[in-house]
Every structure is written in C-alpha cells, then in structure tokens.
Number of protein chains: 2
Amino acid sequence: MRPTVHDIAAEAGVSLATVDRVLNNRPGVRELTRDKVERAIASLGYVRDVTAANLAKGRSYKLIFILPAGDNSFMLGLETEVREAIARSAAERTEIDILFVPAFDPQALANALAEAHRRGPAGVAVVAIDAPEVTDAVRRLRDDGIAVVTLVSDLPGSSRDHFAGIDNIAAGRTAGTLIGRFLGDRAGPVAVLAGSMLVRDHRERLEGFRSVMCESFGSRSILPVIEGQDDPVLVEKLVAALLERHPDIAGIYSLGAGNRGLVAALEKAGRAQVCVIAHELTSYSRAALLSGTIDALLNQDAGHEVRSAIRVLKAKADGLPVLEAQERIRIDVFLKDNLPNGQA
Amino acid sequence: MRPTVHDIAAEAGVSLATVDRVLNNRPGVRELTRDKVERAIASLGYVRDVTAANLAKGRSYKLIFILPAGDNSFMLGLETEVREAIARSAAERTEIDILFVPAFDPQALANALAEAHRRGPAGVAVVAIDAPEVTDAVRRLRDDGIAVVTLVSDLPGSSRDHFAGIDNIAAGRTAGTLIGRFLGDRAGPVAVLAGSMLVRDHRERLEGFRSVMCESFGSRSILPVIEGQDDPVLVEKLVAALLERHPDIAGIYSLGAGNRGLVAALEKAGRAQVCVIAHELTSYSRAALLSGTIDALLNQDAGHEVRSAIRVLKAKADGLPVLEAQERIRIDVFLKDNLPNGQA
DNA sequence: GAATATTTGATGTACGTAAATCAAAAACGC
DNA sequence: GCGTTTTTGATTTACGTACATCAAATATTC
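All values derive from a computational prediction rather than experimental measurement.

Time to look at the environment of A:His202. Residue and element names in this part refer to chain A. With respect to the helices and strands, the residue His 202 is situated in helix 9 (residues 200-216). Spatially, the C-alpha atoms of His 202 and Asp 144 are 32 Å apart, while their sequence positions differ by 58 residues. Beyond its immediate stretch of four places on either side in the chain, His 202 contacts Ala 194, Gly 195, Ser 196, Met 197, Asp 230, Leu 255 and Gly 256.

Taken together, the contact between chain B and chain A spans 38 residues of the former and 39 residues of the latter. Taken together, the two surfaces of chain B and chain A that pack against each other cover about 3700 Å², and 47% of this comes from carbon and sulfur. Of all residues in chain B, B:Arg181, B:Arg330 and B:Asp337 give up the largest surface area on contact with chain A, accounting jointly for 20% of the area buried on that side. For the pair chain B and chain A, the number of links is nine salt bridges. The residue A:Arg330 makes a salt bridge to B:Asp332 at a minimum N-O spacing of 2.5 Å. Joining chain B to chain A, the criterion identifies 12 residue pairs in polar contact (both at pLDDT 80 or more). Where the side of chain B that touches chain A is concerned, the elements lending two or more residues are helix 4 (50-57), helix 6 (89-92), helix 9 (168-183), helix 14 (302-317), helix 15 (324-327) and strand 11 (332-334) of chain B. Top contributing element to the side of chain B that touches chain A by residue count: helix 9 of chain B, with seven residues. Residues of the side of chain B that touches chain A, tallied by class, amount to 15 nonpolar, eight polar and 15 charged.

Space left empty within the atom packing is revealed by a probe, the size of a water molecule, rolled over the atoms. Counted by the stated rule, this structure contains two cavities of 30 Å³ or more. Its volume calculated, the largest cavity comes out at about 240 Å³. Counting only elements with at least two residues in the lining of the largest cavity, the list comes to helix 13 (302-317) and helix 14 (324-327) of chain A together with helix 14 and helix 15 of chain B. Looking at the lining of the largest cavity residue by residue, the classes come out as two nonpolar, six polar and 10 charged. In this structure, the second largest cavity occupies an estimated 90 Å³ of space. What lines the second largest cavity is a set of 13 residues, among which B:Asn72, B:Ser73, B:Ala257, B:Asn259 and B:Arg260 lie closest to the centre. Its residues assigned to classes, the lining of the second largest cavity shows four nonpolar, six polar and three charged. A domain-level breakdown of the lining of the second largest cavity finds at least three residues from each of domain 2 (60-165 + 302-328) and domain 3 (168-299) of chain B.

This part takes up the UniProt feature "domain: HTH lacI-type" (unreviewed entry) in chain A. Those residues carrying the UniProt feature "domain: HTH lacI-type" (unreviewed entry) are residues 3-57 of chain A in this numbering. Regarding residues 3-57 of chain A, the helix share stands at 69% and the strand share at 0%, and the terminal C-alpha atoms are separated by 20 Å.

Neighbouring DNA strand D are 25 residues, the closest being A:Thr18, A:Arg30, A:Thr33, B:Tyr46 and B:Arg48. Across the atoms of DNA strand D situated within 4 Å of the protein, the share located in sugar and phosphate is 70%. Within the backbone of A:Ala56, an N or O atom sits 3.1 Å from a base oxygen of DNA strand D. In the environment of DNA strand D, a phosphate oxygen lies 2.7 Å from a nitrogen or oxygen atom belonging to the side chain of B:Tyr46. Among the secondary structure elements, those contributing two or more residues to the surface near DNA strand D are helix 2 (16-23) and helix 4 (50-57) of chain A together with helix 1 (5-12) and helix 4 of chain B. Sorting elements by how many residues they give to the surface near DNA strand D places helix 4 of chain B first, with four residues. Considering only residue class, the surface near DNA strand D consists of 10 nonpolar, eight polar and seven charged.

What follows concerns the pattern of salt bridges. Taken as a whole and assessed by the stated rule, the structure comprises 46 salt bridges over all chains. Salt-bridge contacts for B:Arg93 lead to A:Asp49; the nearest nitrogen and oxygen are separated by 2.9 Å. Linking B:Arg93 in the loop between helix 6 and strand 2 (94-101) with A:Asp49 in the loop between helix 3 (31-44) and helix 4, this pair reaches from one chain into another. Of the two residues, B:Arg93 and A:Asp49, neither departs from the other in class, the shared state being buried. Where B:Arg83 meets B:Glu79, a salt bridge forms, and the shortest distance between an N and an O atom there is 2.9 Å. A residue pair is termed a helical-turn pair when its members lie 3 or 4 positions apart in one helix, as B:Arg83 and B:Glu79 do in helix 5 (residues 73-87) at four residues. By relative accessible area, B:Glu79 is classed as buried at 18%.

Residues and elements named next belong to chain A. The terminal C-alpha atoms of helix 13 lie 22 Å apart, and with 16 residues this matches the ideal 22 Å at 1.5 Å per residue to within 8%. Those residues of helix 13 that fall on the buried side of the exposure criterion are Ala 302, Gly 303, His 304, Glu 305, Val 306, Arg 307, Ser 308, Ala 309, Ile 310, Val 312, Leu 313 and Ala 315. Backbone geometry just downstream of helix 13 places Gly 319 in the positive-phi region, at approximately 70°.

Each copy of the sequence occupies a distinct position, and chain B is placed on chain A by a rotation of 180° and an axial shift of 0.1 Å, giving an RMSD of 0.6 Å. Such a combination of rotation and displacement between the chain copies is what one expects of a two-fold axis. Take the interface residues of chain B: 100% of them recur as interface residues in chain A, which is what a same-surface contact looks like.

Residues in contact with DNA strand C amount to 27 residues; listed here are only the nearest, A:Tyr46, A:Arg48, B:Thr18, B:Arg30 and B:Thr33. Among all atoms of DNA strand C positioned within 4 Å of the protein, those belonging to sugar or phosphate total 71%. One of the side-chain N or O atoms of A:Asn24 is found 3.3 Å from a phosphate oxygen in DNA strand C. When residues of the surface near DNA strand C are traced back to their parent elements, those giving at least two are helix 1 (5-12) and helix 4 of chain A together with helix 2 (16-23) and helix 4 of chain B. When residues in the surface near DNA strand C are grouped by element, the largest group, four residues, is from helix 4 of chain A.

Let us look at the sheet that holds strand 3 (residues 123-126) of chain B. All names here are of chain B. Within the open sheet, the five strands sit side by side as 2-1-3-4-5. Their pairing is parallel. Of all strands in the sheet, those bounded by a partner on one side alone are strand 2 and strand 5 (162-164). Put simply, the sheet's adjacent strands are angled 20° from each other on average, direction ignored. Pairing geometry for strand 3 and strand 4 (residues 147-151), over four bridges, is parallel. Residue Val 124 lies in a different strand from strand 4, and its bridge partner there is Val 148. In the packing of helix 14 onto the sheet, contacts are made with strand 1 (61-68), strand 2, strand 3, strand 4 and strand 5, and the angle to strand 4 comes to roughly 165°.

The rules behind each value
Residues numbered from 1 in each chain as written. Chains lettered and ligands numbered in written order. Predicted model: local features only at pLDDT ≥ 70, side-chain atom pairs only at ≥ 80, totals over all residues. Heavy atoms only, no water. Helix = DSSP H or I, 4+ residues; strand = E, 2+ residues; numbered from the N terminus. Contact = heavy atoms within 4.5 Å. Buried area = accessible area lost by both parts, 1.4 Å probe. Salt bridge = Lys/Arg side-chain N within 4 Å of Asp/Glu carboxyl O. Polar contact = N/O pair within 3.5 Å; in protein donor to acceptor, adjacent residues only side chain to side chain. Nonpolar A, V, L, I, M, F, W, Y, C, P; charged D, E, K, R; others polar. 1 Å grid on protein atoms, 1.4 Å probe; cavity = no way out; pocket = protein on both sides within 12 Å on 5 of 7 lines; lining within 4 Å. Points joined across faces, edges and corners; volume = space filled by probe spheres on them. Domains from an automatic or database assignment. UniProt positions renumbered as here; feature names shortened; annotations may be inferred. Near = heavy atom within 4 Å. Buried < 20%, exposed > 50% of the residue type's maximum accessible area, 1.4 Å probe, protein only. Expected span 1.5 Å × (residues − 1). Least-squares fit on C-alpha atoms with pLDDT ≥ 70 in both. Pairing = 2+ DSSP bridges. Axes fitted to C-alpha atoms, helices over the stretch in contact; angles between N-to-C directions.

This is the structure we're talking about:
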C-alpha cells in the first residue's frame, strides 16, 4: 500500500495539519518540525496522489497556446490538434485557449505573451520567434511561476521550460544523407529551397544539410539557396526558373513549407526524375510522395507535439518531473511505403 | 462547469442512488427510469470523472506483461521499459507483473496466458506467437472481460483489443525501398536474415520487403531467407558462411534481432561495403550504424510501445475509447544523422 | 385487496488530499 | 512571571464518485 498523509503524520509524530503545512509550503512551521516531516516523507517514500489533490483543489489547468495566424497546411494542422485537445479537455482537467498572432512578427508575439500573462494561466505554449523581446516576455512569465513550452520553433538561451519540437539540424543532415545516397553516381547539382532564412528551424535544417553534403558527398555541388517565403505562387515561379536555368539538376531539398508550388513546377516541367526530399506531411505532399514526385518526406507529428506540450505544462505546473524519453519529438522519415493511413 | 452525478439526478428527477445504479449497471432499475437517466446523461453531456471514480474505488489496475525470455537486446530493452513503468506505477495506479516464457514456443505462451488468467488482472500485454493455442488462450481471457493487447508481434484474427506495435509489412517495404535505392546500379544479390518464420512480425517484414523488391527492383535477385533464431552465435556462423558462398553480395536485410552476430561476421570478413538495413536500435546496432557497417536502422520504440500498451489496457479496462492517433506506433528510420542522443 | 416482489429514495461512509477554523501549547521578549 | 507571538493540534468540510444499507413507494401476482 502506498503511504498517505496520515502515515506521514504518524511517522513524524506530528498532526495532519502540520504535514499539510509542509507539503503545501504554508507558513507557521518551525524549521525543526519541517525537517522531521520531510524525513518521514523520504523514509516512507511518500508521493502525493496528484489526482486526489486535483480533486480536492477542484483544480483545472488553464493553458494558453499562441499560434501564428496564416494558412500554411502545417500550422493549420497544428491548430486542428490543439482544437482536438480542447475537445478532450473536459476529461483532462485542462482549459485551453488559443491566441493567434501575425506570423514572423516578434513584437506582436511579445504582446501576445503579455496578454497571456495577464490571463494568469498555469502554462503557455508558444511557436517562438528568436528575438530579444520574445525572450524577455518569456522570462517575465517564468518569473511569475507560469510554465512556458516552445512549440515547433525553439527559443534557445531563454528560460523556457521545454521545447516540443524536432532537432532541425539532425533533420537537415538526414535529408542530406538520403539525397546523397539516393542519387548515388548520378551527376548534377542539388538545389535547396527554403521559406526564409529569418526563421531558426529553416536555418538549422540548411546547416545540417550542408554539413553532411560537405562531409560525405563533397563532389556534388549545391546551388545557392532559394527563398520562397513558403508562398506557393512565388515558389512555383522560382522553381520553374531554376529548372530552366539548370537542366542537369539532380535533386532538390525543400526544407520549408512551399511544397504545393514545388510539386506544381516539377510536374509542369515533366521532371519527375529529380530526387526530391521535402518536409511536413500534408495532403499535397502525401499525394506527391505517392505519385513519385517527392522521394522522401521528413515530418514532425503535430499531434504529438501538442499532446507533449500539454503533458509537460501540466507536469511543470505541478512541479513534477518530465519523462524525457516520452517527450522527445521524433523526425519521421516517410517513403511511399510507410505512410500512415488516415489523416493528414 | 462539468456536470456531476448530482446534476444528472436533478435533471432526470431521480435520486442519486438511481443514477449510480444506472451508471454502474447495477440491477433494480426499471427500463423506463433507466431511459430517463440515460437521456439526462446525454443531454448534459456528462462524462464520468475517472480519477474521482478510481479514488473512490481505491482501484489499482493489475496488469501482466508476458515477455519472451532470452538475451537479445531488443527484448531486454522491452523488459527495461516495463520495469521503468513498474517504477512509476505508484503514481499511476497500476500494478504490473512480468511473466517470462521461452521464445518461439506457442504452448509455453498459451500456458503463460492461462497463468495470467488465473491471477485475475485487469489486462494482459503479450508478445504474441501466431498459433491456435495462443489465440484460444486470448479468447478465454477476453471472455472473462480481461483486456488483451498484443505487443511487438500481433495476433490478427484473435479477439485481442489492440496491437501495440508497428506495421511490419510497411517496415519490410521501407527496408526494400531503402536498400534498392541505396544500391542503385550496384550489381549483386541481396540476402535476407530473419529470426524465425514462426513469428508473424518476421513473416510480414519479409512479405513487404519481397513485394517492393519485386515491384520496383525486379532485376535484383534475392537469396533464400536465412533463419538465425535471433541467436548471435548461430547468426554469426550463418552469415559468415553466406558471405563466403556469395562474394558478390550487395546488400543484406536483417529483419530479426540477430544484429550482434551479423555485425561480427561482416566486420571479420571486412565487408563494410555491403549495404545493410537492420531492425531495432540497440547499443550494438547503434555502434554499427555510426561506424558504417549498418546503413540504416528501422526501429520500434519499446518505451512507446510499453506506455501505449498500458494506456490502452487501462482505457479498455474502464471501457473508455482509445485515441488512435496517439497509439499508433511509428516506424523510426534511423540514419547515422538522426540517432537520438541518450539511451539504447 | 392483501401479500409479495421489485424499484426507488435517503443517507452515510469511504477514497486521499486541500483548506479553513479555533483552541491549545510552546517559545519568546521583557 | 506576565503578555505576546509563533507554532502545532484537532476537527470539519469539500472534491466527485462508489458502494452499502434500510426504509418507503410502487408494481405484480393471485
């Protein structure tokens, strides 16, 4: 049987009320008595029954998700997952609100964080932008004991509790090895298509990709990066021009979210033999993978990221440890052979 | 605010006791009254507070894991994960026992299932062997309302509630595409190394692998399957003989758990240029991937499988729905570039 | 309509914790 | 020693559900 507060009280030779004072950091306990109780807790191996505690407190975890507004499929998918978590929230003692902010706008994001702060939640999950005003806003939240988790895009060097997202350098390296080995001896340069070098995850993917190409496939030339702003129309135009300029192109690594335009340009040009590695599984990229236009997809599972963020925020709010192995977001590598059925 | 049993009673115009009788399927309620209560439940959208219910019941979920004895790293890893779940069990109202059975022995497994049945648990997780006596034993458990989840290796056509493992056909197909594309125009046959064709996961991986090789890489010949019983010593002997017999071998797909012997044989023969795709991330296979002896690893995360099995068993024991998207076990594709740090 | 069986209500206790109140005891200053 | 402050104890209520008991009301049978 698991020990209860009563057992602690008996073991320490104090009353229930005193145990409660110690457990919940209430004032009015002598240092000596506090020690006695803590020794009893340690010796009996007491662990507070969080479910009973939450029941008694009538607690519900108020959480706020801050997401970039915009219509790219991945972010829409992320929003869908948050909404599904909201639908389940009754059963999980959570109360989740979403705040939308204009994409790529650090000041707007800092303001949203301040607004979230005002609402006094137990935790905040945010798709971060790597800027000082954002780091500051996060620090202010943390100073007030509000847990903060970055989602998809991290804010290293800030005081965030946790990052729920993939290792983007590893993702870029993986793309490099795949494209290098898939191409084998086939001649021709490789192009890189990004959204914007302003966002950290794109920069990191490029860094990983380049280092692998340099280390392991040094003879293959890499064309200058094309920035398509994740805009389908712009991407299509840029890729079409690229294909015309370089008829010998062997492969393309698309590390951003411009898949729709990329696929359109490739198919119009009839260049199915170009080896393409792209990111994020959406209905477009799935179709392109199945048709053979895209050869491999790297993906981060938005559902996992959202659920992980919620678990971590709840744990941090309770001062509980986090199961690191469970919360590591993995880089999915999809070929046409191992696509999950159903969704996305 | 979430409705409680009191709200249901008020809404239905009955007493708390009657609501309780309906909710817990206790006898002594007229059909008409039962309907009234059920309508109230539906109209208020009542969901039982499982944590409060468990608290009241003093419930702890007795679960039994049945694992194959043996010293292969993957199964040891699986055992480790179960033991870690046991360490966390205090906080999760679970009480987990492990039963070990000799590997690849259907009758012993059926006996273990009967033993598990005798102990009267809420659920059983089992690494299945696809044999009629096992299917029968599972059916008997289910007939007594005991939840059953197959782990790693499935038992389709049985009455198991859920399978916590990967899609092995997809895994085999993925291996096929990877080896086919990595080899490109390089000549030479491909060999397949399995543990035993008795277990379904090995059969399915082979099936997926063969079908992709046939569909997409028809010109490459596949040597007859070698069964190494996942025994390092035997595997090393068999692979050494294989390499001697076929000096022109271009690739090996190891779909079982005999990696230690495979790597030893390859390294002793100095055949690093052979393209090798193997399964399961262990300390041995990790080292071999980093050194280049293995080119890619397909992996199922044992920790995820164990945690998923536990979640599903608890949910089934409570008659609760399962979040399918969360419980899908993914096929990890590891190259040396995206190996997770830490463990395994 | 009486006797019986079935259904329903009323009520209390329990689970493990939180939180509040008030009284009692101990420690402290002077 | 006194009064005062601080610390501790004892007790109660609450959270939402499960489960048991006993009495009361309603159906059913003959």
